[in-house]
Amino acid sequence: MTRRVSILGATGSIGQNTIDLIARDPDAYAVVALTGGNNIARLAADAIRLKAQVAVTAHDSCLEPLRAALAGTGIEAAAGAEAICEAAARPADWVMSAIVGAAGLAPGLKVLEQGAALALANKESMVCAGPLVMATARKHGGTVLPVDSEHSAVFQALIGEEMSAVERVIITASGGAFRDWPLEQLRNATPAQAATHPNWVMGQRITIDSASMFNKALELIETREFFGLEPGQIEAVVHPESLIHALVGFRDGALMAHVGPSDMRHAIGFALHYPERRDLPVERLDLVRIGQLSFRAPDETRWPALRLAREVMAAGGLAGAVFNAAKERSLDAFIAGRLGFLQMAEVVEEVLTMQSAQNGLIDAEVSLDNVLAADHFARKTADKLIERAPRG
Ligand code: NAD
Ligand code: MG
């Protein structure tokens, strides 16, 4: 039976890995929608190759080039955030959520509202609005499948287990580009230096977030939301080889580790075929050649984002939405050369402090409107702080 699939964020790193798997078995899938940004050549070429119904660009200014590229193919073209939500609402069985940032939340909710399976790479959805995402899935009979490698690993280790048997979850971190840099050099780290990852090939934003550990901070919160754990049950450990993705600790002292190659097609393929396991084109690990796996405690002076994640988990409510939005703006400013590497965490911390002084914001219900309001507040506040931040 052909499965109807859509890919949100199809032109990105996760989107392209998803297309790689789907394109290997074209008869098994009917592609409904592909969405992207300004890489119109990629979006159009994939839409034509996969015979999609509709291709959507996030940018209104890219609509004409997209129309031109799809002329005569019968594939619809559309543009803008609303058009992405409409594409996400088109009937499908399985949808990959691989937009980067909070922009992925609203379309992901549309997927769940139609009762489909949402393969969630977009961790920001869980950080901003975990309770809303899970409640929407429950209400409409949708399923959320983790695609972040750590969360896929935890999910796999939990198959057949009761949550009441789980004592703790440990997610691993490679340590990113600056794992071994002297602390005093970090201040002057450039975006180009931060955007090289030792083990994974990923989009620019998540790669820089790996160097600052904001990625791991988001993932600690994502772990809490996905699996309903208490903050004290979740740990991050530095594991430079990136071969163990996560471990689940059970009450009898057992640790179940998920070991696999640093290739996102494993987690994507697991979510695509769940609950079955099928052949995937990933490397089979040679443990003898690898020889050793090592672990270190994460240093919170080097990576203050981890401490901030704990504060966000303790606060709950809309703190995740504020944290993520302040991080997104700080990252934009770092990439643009307007903020130093270490200043990103300083801005985020200050926005969190200012938020706790805002009456009612933190405790408000996690609804889409409230999440968007918290996101807006955090972006505005972060922008003001970035404007005033000392340079150099
Ligand atoms: P990427 O930058 O390579 O791709 C992002 C995609 O989102 C592109 O298609 C882009 O056009 C689209 N996009 C960007 N801004 C948008 C907006 N405002 N509205 C609509 N579309 C927009 O990113 P990526 O590395 O593929 O990551 C995608 C998501 O998956 C992120 O949430 C990331 O944290 C998560 N993730 C990625 C990896 C990885 O290996 N790359 C691993 C785990 C989790
Ligand atoms: Mg991850």
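None of these values were measured; they are calculated from a predicted model.

## Some points on helix H7 (residues 149-157)
No. 1: For H7, the buried fraction is high: 9 of the 9 residues fall into the buried class.
No. 2: Every buried residue of H7 is accounted for by Ser149, Glu150, His151, Ser152, Ala153, Val154, Phe155, Gln156 and Ala157.
No. 3: Each element contacted by the buried residues of H7 is listed here: strand E7 (143-146), strand E8 (166-173), helix H11 (214-227), strand E10 (244-250), strand E11 (255-259) and helix H12 (265-273).

## Observations regarding the sheet that holds E7
No. 1: The sheet built from 7 strands is open, its strands ordered E4-E3-E2-E1-E5-E6-E7 with parallel pairing. Whereas interior strands pair on both sides, the edge strands pair on one side only; in this sheet they are strand E4 (76-79) and E7. Mean inter-strand twist for the sheet, computed between neighbouring axes without regard to direction, equals 20°.
No. 2: Sheet topology note: the strand E5 (residues 94-97)/strand E6 (residues 117-120) ladder contains 4 bridges and is parallel. Bridge pairing in E6 places Ser97 opposite Leu120.
No. 3: Sheet contacts for helix H5 (residues 105-113): strand E1 (3-8), E5 and E6; angle to E6, the most-contacted strand, approximately 150°.

## Some remarks on the site of ligand 1
No. 1: Residues in close proximity to ligand 1 total 27 residues, the closest being Gly9, Gly12, Gly37, Met202 and Gly203.
No. 2: Within the residue set of the shell around ligand 1, elements represented by two or more residues are helix H1 (13-23), helix H6 (123-140) and helix H10 (204-212).
No. 3: The element contributing the most residues to the shell around ligand 1 is H1, with 3 residues.
No. 4: When residues are assigned to domains, the shell around ligand 1 turns out to be shared by domain 1 (3-146) and domain 2 (152-260), each giving three or more.

## Some words on the domain arrangement of the protein chain
No. 1: Annotation of the protein chain at the domain level lists domain 1 (3-146), domain 2 (152-260) and domain 3 (316-388).
No. 2: If you average the C-alpha positions of domain 2 and of domain 3, the two centres end up 22 Å apart.
No. 3: Elements that contribute at least two residues to the side of domain 2 that touches domain 3 include exactly helix H9 (191-194), H10 and H11.
No. 4: The element best represented in the side of domain 2 that touches domain 3 is H10, accounting for 4 residues.
No. 5: Among the residues forming the side of domain 2 that touches domain 3, the class breakdown is 8 nonpolar, 1 polar and 3 charged.

## Observations concerning the UniProt feature "domain: 1-deoxy-D-xylulose 5-phosphate reductoisomerase N-terminal" (unreviewed entry) in the protein chain
No. 1: Residues annotated by UniProt as "domain: 1-deoxy-D-xylulose 5-phosphate reductoisomerase N-terminal" (unreviewed entry) correspond here to residues 5-130.
No. 2: Structurally, residues 5-130 comprises 44% helix and 22% strand, and the distance from its first C-alpha atom to its last is 23 Å.

## Description of H12
No. 1: Of all 9 residues that make up H12, 7 are buried, and the element is covered over most of its length.
No. 2: Every buried residue of H12 is accounted for by His266, Ala267, Ile268, Gly269, Phe270, Ala271 and Leu272.
No. 3: On the buried face of H12, the contacting elements are H1, E5, E6, E7 and H7.

## Examining the environment of Glu387
No. 1: Positionally, Glu387 belongs in helix H17 (residues 368-388).
No. 2: Between the C-alpha atom of Glu387 and that of Leu339, which follows or precedes it by 48 residues, the distance is 9.1 Å.

## Quick look at the sheet that holds strand E9 (residues 234-238)
No. 1: Here we have 4 strands laid out as an open sheet, ordered E9-E8-E10-E11, and mixed in their pairing. This sheet does not close on itself; its edge strands, each paired only once, are E9 and E11. Neighbour to neighbour, the strand axes of the sheet diverge by 20° on average, direction disregarded.
No. 2: As paired strands, E8 and E10 are joined by 5 bridges and run antiparallel to one another. Counterpart to Val169 in the pairing with E10 is Val248.

## Concerning the packing of H11 against helix H14 (residues 304-315)
No. 1: Across the interface, H11 lies against H14 with an axial gap of 8 Å and an inter-helix angle of 25°. Taken as axis vectors, H11 and H14 run roughly parallel relative to one another. Our pair here, H11 against H14, has a crossing hand that is right-handed. Listed contacts from H14 to Phe214, Lys216, Ala217, Leu220, Ile221 and Arg224 of H11 are Ala305, Leu306, Leu308, Ala309, Val312 and Met313.
No. 2: For the contact of H11 with H14, the class distribution of residues is 10 nonpolar, no polar and 2 charged.

## Some remarks on the nonpolar core
No. 1: By size, the foremost hydrophobic cluster in this structure holds 123 residues, and its most contacted members are Ala52, Ala55, Val95, Leu118, Ala119 and Val322.
No. 2: Among the elements that take part in this core, helix H15 (residues 319-335) stands out by supplying 9 residues, more than any other.
No. 3: Residue contacts for Ala55: discarding those within four places in its chain leaves Leu34, Leu43, Ala44, Ala47, Leu66, Leu70, Ile75 and Ala77.

## Description of unusual backbone geometry
No. 1: With an omega dihedral of 5°, the bond running from Tyr274 to Pro275 counts as a cis peptide bond.
No. 2: As for its position among the elements, Pro275 is in the loop between H12 and helix H13 (287-290).
No. 3: Of note in the backbone geometry, Lys51 takes a positive phi value of approximately 55° without being a glycine.
No. 4: For Lys51, the position within the fold is in the loop between helix H2 (40-49) and strand E3 (54-57).
No. 5: Exposure remark for Lys51: the 13 C-beta atoms within 10 Å place this residue in the partly exposed category.
No. 6: Of note, Met213 is a non-glycine position whose phi angle comes to about 70°, a positive value.
No. 7: Locating Met213 in the fold gives a position in the loop between H10 and H11.

## Observations concerning the environment of Pro26
No. 1: With respect to the helices and strands, the residue Pro26 is situated in the loop between H1 and strand E2 (29-36).
No. 2: Owing to 13 C-beta atoms within 10 Å, Pro26 belongs among the partly exposed residues under this scheme.
No. 3: For Pro26 and Asp209, which are 183 residues apart along the polypeptide, the C-alpha to C-alpha distance reads 34 Å.

Cut-offs used in this document
Residue indices follow the written sequence of each chain, beginning from 1 at its first position. Throughout, the order in which chains and ligands are written sets their labels, letters from A for the former and numbers from 1 for the latter. Confidence filtering applies because this is a predicted model: local features only for residues at pLDDT of at least 70, side-chain atom pairs given and counted only at 80 or more, and all residues used for totals across whole chains, interfaces and linings. Exposure is read from a count of other C-beta atoms within 10 Å of each residue's own; the residue is exposed at 12 or fewer, buried at 20 or more and partly exposed in between. C-beta atoms are placed from the backbone. Strands are runs of DSSP state E lasting at least 2 residues, helices are runs of H or I lasting at least 4, and numbering of each runs from the N terminus. We call two residues in contact if the C-beta atoms placed from their backbones are at most 7 Å apart. In this analysis, strands are considered paired if DSSP registers two or more bridges between them. Helix axes are fitted only over the stretch in contact, all axes being lines through C-alpha atoms; the angle between N-to-C directions runs from 0 to 180 degrees. Any residue whose C-beta atom, as placed from the backbone, lies within 6 Å of a molecule or strand is termed near it. Bear in mind that the domain bounds are from an automatic or database domain assignment. Any residue outside Ala, Val, Leu, Ile, Met, Phe, Trp, Tyr, Cys, Pro, Asp, Glu, Lys and Arg is labelled polar, Gly included; the first ten of those are nonpolar and the last four are charged. UniProt positions are given in the numbering used here, feature names are shortened, and annotations may be inferred rather than shown by experiment. Each angle gets one of four labels, with under 35 degrees taken as roughly parallel, over 145 as roughly antiparallel, 65 to 115 as roughly perpendicular, and the rest as oblique. Throughout, a crossing is termed right-handed when the near helix is turned clockwise from the far one, and left-handed when it is turned anticlockwise from it by less than a right angle. The term nonpolar core means buried Ala, Val, Leu, Ile, Met, Phe, Trp, Tyr and Cys residues held together as one set by C-beta atoms within 7 Å.

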